[in-house]
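# Chain and residue survey
The residues making up each chain are set out below.
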Protein chains: 2
Amino acid sequence: MARTIGVIGDRWTLLILRECFLRARRFEGFQSALGITRHLLAERLKKLVRQGVLRRIPYQESPKRHEYILTQKGLDLYPIMMALVHWGDTHMVDERGRPLLHEHRKCGKMFDPVMVCSECGEPLSAKEVQVHPRPGARPALENASLERRRQAA
Amino acid sequence: MARTIGVIGDRWTLLILRECFLRARRFEGFQSALGITRHLLAERLKKLVRQGVLRRIPYQESPKRHEYILTQKGLDLYPIMMALVHWGDTHMVDERGRPLLHEHRKCGKMFDPVMVCSECGEPLSAKEVQVHPRPGARPALENASLERRRQAA
DNA sequence: TCGTACCGTTCTAAAATTGAACTGTCAAAT
DNA sequence: ATTTGACAGTTCAATTTTAGAACGGTACGA
């Protein structure tokens, strides 16, 4: 998770990627849609290209112009986007309701995203999940008072 | 999505919440697990409490001490967490492999999270989803060259 | 020739973050 | 009785990031 946050964990990157999913491709498009400063936009696009989330494709020579296109790695961010949108729709709406609805072309209905278990297909919740650290993982956090009691014993 | 990012869209907040899901509850626990500066940690915890993601519960008087517990609103961030973790596991692993495995208590198996359509249960991908703006939504972005051509016509 | 679209870069001021030290209460150890 | 350490912050100077605005350069159409 820390590594993912290293890629998309700042105030603008996720919004830039949202525009990608909404079909933005060019510098000016991002800039006017988001109101981000041109400086930061250039910076962030470079970073995303370096990290393999976007690809920079020339679409004309002289002056050189490029479009920024999602790679597969970038497209794979879709569940994150949907999860963010859905949480906002659930907990941060105002009187006007949610700004967008999503239609699933396969079944033709308006839907919400649901996160399920890859093995049994049941919806997931935090309490039903047991975490198993693997070698190399950061040691688990101990409850401080438990810690003290154990040392005392 | 912008509103969700307003809540969790900075370099530390998501990591703090990860620790909450891993059972951290107290200031010192967060601080030593993350190496965040105490200043920022205090700031972020306050913000999360203000936004209703965490609740501040006293667990002793004199000196006053509190634990930070996820509210339902906070627990509902779980799909976002899992989506972030899974993307990292897929695209950002090094030789040591993924740091954690997740077991689904209901079915007893190690699993990955999958995002599916609430209506038909099929896995989602960006291309299968059609977006429908609702009144009040920001106007959709036009492709710049299309825009020009239309004005020219 | 002028205005405009496009894609950046450069610069300074403002804001956020870091790093380190400091405050203060209480419990346990010496 | 005094020291030590856990705990939960607050304060402050130094550094890093971000915002805001202007500037540079190519090309196209009127």
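What counts, and at which threshold
- Counting restarts for each chain: residues are numbered from 1 in the order of the written sequence.
- Chain labels run from A onward and ligand labels from 1 onward, assigned in the order the entries are written.
- Given that this is a predicted model, residues contribute local features only at a pLDDT of at least 70 and side-chain atom pairs are listed and counted only at 80 or more, while totals for whole chains, interfaces and linings are drawn from all residues.
- Values reported for side chains reflect all heavy atoms of the structure, with hydrogen atoms and water molecules removed beforehand.
- The fit set for superposing copies consists of C-alpha atoms from residues with pLDDT of at least 70 in both; the fit itself is least squares.
- By the convention used here, residues are in contact when the closest approach between their heavy atoms is within 4.5 Å.
- Residues are classed as near a molecule or strand on a simple rule: at least one heavy atom within 4 Å of it.
- Two N or O atoms count as a polar contact when they lie within 3.5 Å, although within protein this holds only if one can serve as hydrogen donor and the other as acceptor, and sequence-adjacent residues are included solely when both atoms are side-chain atoms.
- Numbering of helices and strands runs from the N terminus; a helix is a DSSP stretch of H or I covering at least four residues, while a strand is a stretch of E covering at least two.
- All amino acids are sorted into three groups, where Ala, Val, Leu, Ile, Met, Phe, Trp, Tyr, Cys and Pro are nonpolar, Asp, Glu, Lys and Arg are charged, and the leftover types, Gly among them, are polar.
- Buried area: the accessible area, evaluated with a 1.4 Å probe, that two parts lose upon being put together, summed over both parts.
- The term salt bridge refers to a pairing of a side-chain nitrogen on Lys or Arg with a carboxyl oxygen on Asp or Glu at a separation within 4 Å.
- Predictor confidence is given residue by residue as pLDDT, running from a minimum of 0 to a maximum of 100.
- Here the axes come from fitting lines to C-alpha atoms, over the contacting stretch only for helices, and the angles between their N-to-C directions go from 0 to 180 degrees.
- Should an angle lie under 35 degrees it is considered roughly parallel, over 145 roughly antiparallel, and from 65 to 115 roughly perpendicular; all remaining angles are considered oblique.

## Here's the deal with the relation of the copies chain A and chain B
Aligned on chain B, chain A shows an RMSD of 0.0 Å; the corresponding rotation is 180° and the shift along the axis is 0.0 Å. In the structure described here, the two chain copies are related by an operation that fits a two-fold rotation axis. Take the interface residues of chain A: 100% of them recur as interface residues in chain B, which is what a same-surface contact looks like.

## So, the protein's contact with DNA strand D
In the vicinity of DNA strand D, 21 residues are found, and the nearest of them are S62 of chain A together with R38, Y59, R65 and Y68 of chain B. Among the atoms of DNA strand D close to the protein, meaning within 4 Å, 65% are from sugar or phosphate groups. Measuring from a phosphate oxygen of DNA strand D, one finds a side-chain N or O atom of R44 of chain A at 2.9 Å. The separation between a base oxygen of DNA strand D and a polar side-chain atom of R65 of chain B is 2.5 Å. With 4 residues, the single largest contributor to the surface near DNA strand D is helix α4 (residues 38-50) of chain B. Here the residues of the surface near DNA strand D are counted per class, giving 8 nonpolar, 3 polar and 10 charged.

## A look at the interface of chain A and chain B
The interface is formed by 83 residues belonging to chain A together with 84 residues belonging to chain B. Summed over both partners, the interface of chain A with chain B buries about 8200 Å², with 63% contributed by carbon and sulfur atoms. For chain A, the biggest contributors to the area lost against chain B are M1, R3 and W87 of chain A; these three give 10% of the whole. Our enumeration of links across chain A and chain B arrives at 4 salt bridges. The shortest N-O distance in the salt bridge between E128 of chain A and K106 of chain B comes to 3.6 Å.

## As for the confidence of the model for chain A
When pLDDT is averaged along chain A, the result is 90; 91% of the residues meet or exceed 70. Confidence drops under a pLDDT of 50 for residues 142-153 of chain A, and excluding neighbours within four residues, the segment shows 4 contacts in the predicted structure.

## Focus on the packing of helix α2 (residues 13-21) of chain B against α4 of chain B
Each pair of packed helices gets described by two things: the angle between the helix axes and the distance between those axes. Residues and elements named next belong to chain B. Taken N-terminus to C-terminus, the directions of α2 and α4 make an angle of 75°; their axes are 10 Å apart at the nearest point. With respect to α4, the axis of α2 lies roughly perpendicular. Here T13, I16 and L17 of α2 lie close against α4, whose contacting residues are L41, R44, L45 and L48. Residue classes in the contact of α2 with α4 are distributed as 5 nonpolar, 1 polar and 1 charged.

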